[in-house]
Every structure is written in structure tokens, then in C-alpha cells.
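Reading the structure
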Amino acid sequence: MTYVTGIIAIISLCFLISGVIAIFRKTSDNETNTVYLPRFTVIIGTICCFTFLIPTVLLIFSGDKTERFAALIFALFTLLGDYLIIGYVNCRIFFDFDTFVYKNIFGKKRTIAYKDLTGIKGKKDVKLYAGKYTIDVDEMAINNKKFLLHAKKQYKLHHGGLSIPKSAKKDLFNNHVESPAEFIFVFGLLGSICLIGTIAMIIAAINEINREYTEKVVIAQCYEISEDDLLFYNTDNERFCIDNYNAVTENTDELFSHISSKKELTLQVYFFDTKEPYYSVSDVYYNGNQYINHEAWLKNSYKNITTVLIIFGIFDLVIGIFIFTMIYIGRNPHKFSDRVLHWFYKPGYIHRN
């Protein structure tokens, strides 16, 4: 997982550099016949990429597995910025009198004649079709109206005054929603974050259950209560923690007495190499007496794991219902009132016809 996060971070860093270069690049005069996204697109993308890349890099080198999971989530959010940057840098249309060159998000170019257009779709974000090829024209793009007027004019010129036919191709929203690709991208990103986050939590839960504890003999120097946890320290100032000690310990007063008296205790521990390293304690022994009810300790551990998984499950369910609802409403706007439609979509972004 760390390797995946690292790869995303490196790719995002490359896009970040491209975004900074694009921001300071001067617009040339020959771009009057070029369709491209406005400069604020790359500015927002660069800021977004930088904002999420910083915590990704800081967390990726942490020894704590939880923070590495967080690094992956931040890395996924950098993809939003990457998408805007690459959209500004790559997505362009260079048009002249008889033909135009379409450069897609992957930087691949295709030369298309206006007479070869086979369909058009959309009111705000427009899609032109030329056989199997699709040309996206964003409503915010510079020179988009100039290009579309010229394309329609040239098509009529070559087809006896006929207009470009409206495309019958159906998308996820049955052609009722403007800019469907943007919604699909956001849905995919949210779904990926939910899926990866849930998988990460399940892996963490499995690791917690299968964790191997080792024996360690310590002489406690002092102890403190932190909320529901019992913390104590040995002569090397190492920290030991009994999570939710009231629920898992037996003969608590006697245990406190042994710690205060600096008795030699035998522990079963697991080391967490966090920013503030500590040992998680699963068993405490002194003179053959056991002070932690292991069954209660396991029950407490499972309870904590279950709580986290339930929270993630509820979050995933809410996101899933939200995405499903938006798709269903987008596919069937005629079933809902304008008020309901505007709860989920901006006015003008969804239509019934």
C-alpha cells in the first residue's frame, strides 16, 4: 500500500510542477483559434494538488500504519487536482477553416474535418461526434462558442444546409444531465475512497486480531490515568498502556500497589512505533497472579474494532445511497419535482427532455 501511495505522490508531484509552469506561461496570440480551459482551472488544480500532497508526503514516511492509511486517502484527493491540471494542459481544440485538431486528456491528437461530424449532444457542455470519436467542449472553455458556431456553419456548407444531427447515444444519466463525465469522476473518486478506506480498516482489524505479543519484564516507576487508559513507565521511561483498564483488569488496587511499590512485573506487550511510542499491554503477571482478564481484554479489543468498522460501514452506506440517488434522479428527472431536482443538481444542469 505504501508503494501505491508513493507512486500516486510522485505522479502528483509531476502534475504539480506542470501546473506551476502552466500558470506562469504567457498566452500566445495564435491561441485565438484554440479552445482551452480558463487559467483558473489550473490554478485551482495546482492549489488542490499542493494542499493534499503535503500531508501525503509527511504521513507516508510515518511508522504508524494508521497514518499510512491516511496518507493513501490524501493521495487519492490529489487526483482531483491532477485531473484539473491535466485537463488544462492537454484538453485542447485547434481549429481552422476546414478541419480541427482535437487533443484529449491523454495528449493524443486527432485531425477531424467538419464534414465528417456525425452528431452533437448537450446544451452547456457540448459533445461532438465523428464516427467512433467524441470531442468534448466544456462550457467554460475559452473560444468554445466561436468554435461551435464555425463547426455548425462548415457542416451546413458541406451538407446542403442541414444541421449537425442530435446524437442518440445514451450515457449513465440517459442524456438528462450536463457534464456527465464530471459527475462520474467524482462518484468514482468517492467510491474509491470508501472502498480503499474500508479495506484498510479491515486489514487493520485483522492485524489487530492476529497481533503477536511478546513477554517483557519491567519495573514500573510511576503510573497515570488518561481517560479510561492506565499508563505506566519503566526505568527507561518506556510507556506502557492498558486500554480501558477498568473493564479488563482484576484486583486493580493490588495492581496499583505493585506499580507504586516498583515491583517486577511480567507483561505481554506489543510495540507501537508512533510519534509517541508505547507498548500495548495484554497481560500482567506478578508472583503467578494474573491481573488482566484476557477474555475481557479480547472482548474490549473486538468492541473497538467493531465500532470503527460500523462507523466506516455507515459512512460507505450514506455515500452509496447518495450516489445511487443522484444517478436515479439523473436518469429519471420526469419523476421528480423541480424542487427535488434542485436539491441534487444545479439549475440548468439537469433537464427532462
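Fair warning: this is a prediction, and the values are worked out from it, not measured in the lab. (Residues numbered from 1 in each chain as written. Predicted model: local features only at pLDDT ≥ 70, side-chain atom pairs only at ≥ 80, totals over all residues. Heavy atoms only, no water.)

Along an α-helix, residues three or four positions apart point the same way, because every turn accommodates 3.6 residues. With 23 residues, helix 1 (residues 2-24) extends 33 Å between its outermost C-alpha atoms, agreeing within 8% with the 33 Å of an ideal straight helix rising 1.5 Å per residue. What helix 1 keeps buried is the set Thr5, Gly6, Ile8, Ala9, Ser12, Leu16, Gly19 and Ala22. (Helix = DSSP H or I, 4+ residues; strand = E, 2+ residues; numbered from the N terminus. Expected span 1.5 Å × (residues − 1). Buried < 20%, exposed > 50% of the residue type's maximum accessible area, 1.4 Å probe, protein only.)

Despite not being glycine, Asn174 shows a phi value in the positive range, around 55°. Summarising the element assignment, Asn174 is placed in the loop between helix 4 (144-158) and helix 5 (180-209). Backbone geometry places Asn287, a non-glycine residue, at a positive phi of 55°. Among the structural elements, Asn287 can be located in the loop between strand 13 (278-286) and strand 14 (289-290).

Inspection of the secondary structure puts Asn293 in the loop between strand 14 and helix 8 (294-331). Sequence separation between Asn293 and Val248 is 45 residues; the distance between their C-alpha atoms is 5.5 Å. In this structure Asn293 touches Val248 and Glu250, once residues within four positions along its chain are discounted. (Contact = heavy atoms within 4.5 Å.)

Here we come to the environment of Gly161. Inspection of the secondary structure puts Gly161 in the loop between helix 4 and helix 5. Its relative accessible area of 47% is what places Gly161 among the partly exposed residues. In the structure, Gly161 is positioned 152 residues away from Ala9 in sequence and 52 Å away in space, judged by C-alpha atoms.

With that settled, the discussion passes to the packing of aromatic side chains. The geometry of an aromatic ring pair is captured by the separation of the ring centres together with the interplanar angle, meaning the angle of the planes. This model, assessed by the stated rule, comprises 20 aromatic pairs. Plain terms: the ring middles of Phe52 and Phe74 are 6.3 Å apart, the flat faces sit at 35° to each other, and that makes the pair tilted. Of this pair, Phe52 sits in helix 2 (residues 39-60) while Phe74 sits in helix 3 (residues 65-90), and the two are 22 residues apart along the sequence. Seen in terms of ring centroids, Phe173 and Phe183 are 6.1 Å apart; in terms of plane orientation they differ by 70°. Their pairing is edge-to-face. Taken together, the residues Phe173 in the loop between helix 4 and helix 5 and Phe183 in helix 5 connect sequence positions 10 residues apart. Each member of the pair Phe173 and Phe183 is classed as buried. Linked through ring pairs, Phe95, Phe100, Tyr114 and Phe147 together constitute an aromatic cluster. Lying over the aromatic face of Tyr88, Arg92 brings its terminal NZ or CZ to 5.2 Å of the ring centre. (Phe/Tyr/Trp six-rings, centres within 6.5 Å; stacked < 30°, edge-to-face > 60°. Lys NZ or Arg CZ within 6 Å of the ring centre and 35° of its normal.)

Interpretation in functional terms is not warranted from these geometric data alone.
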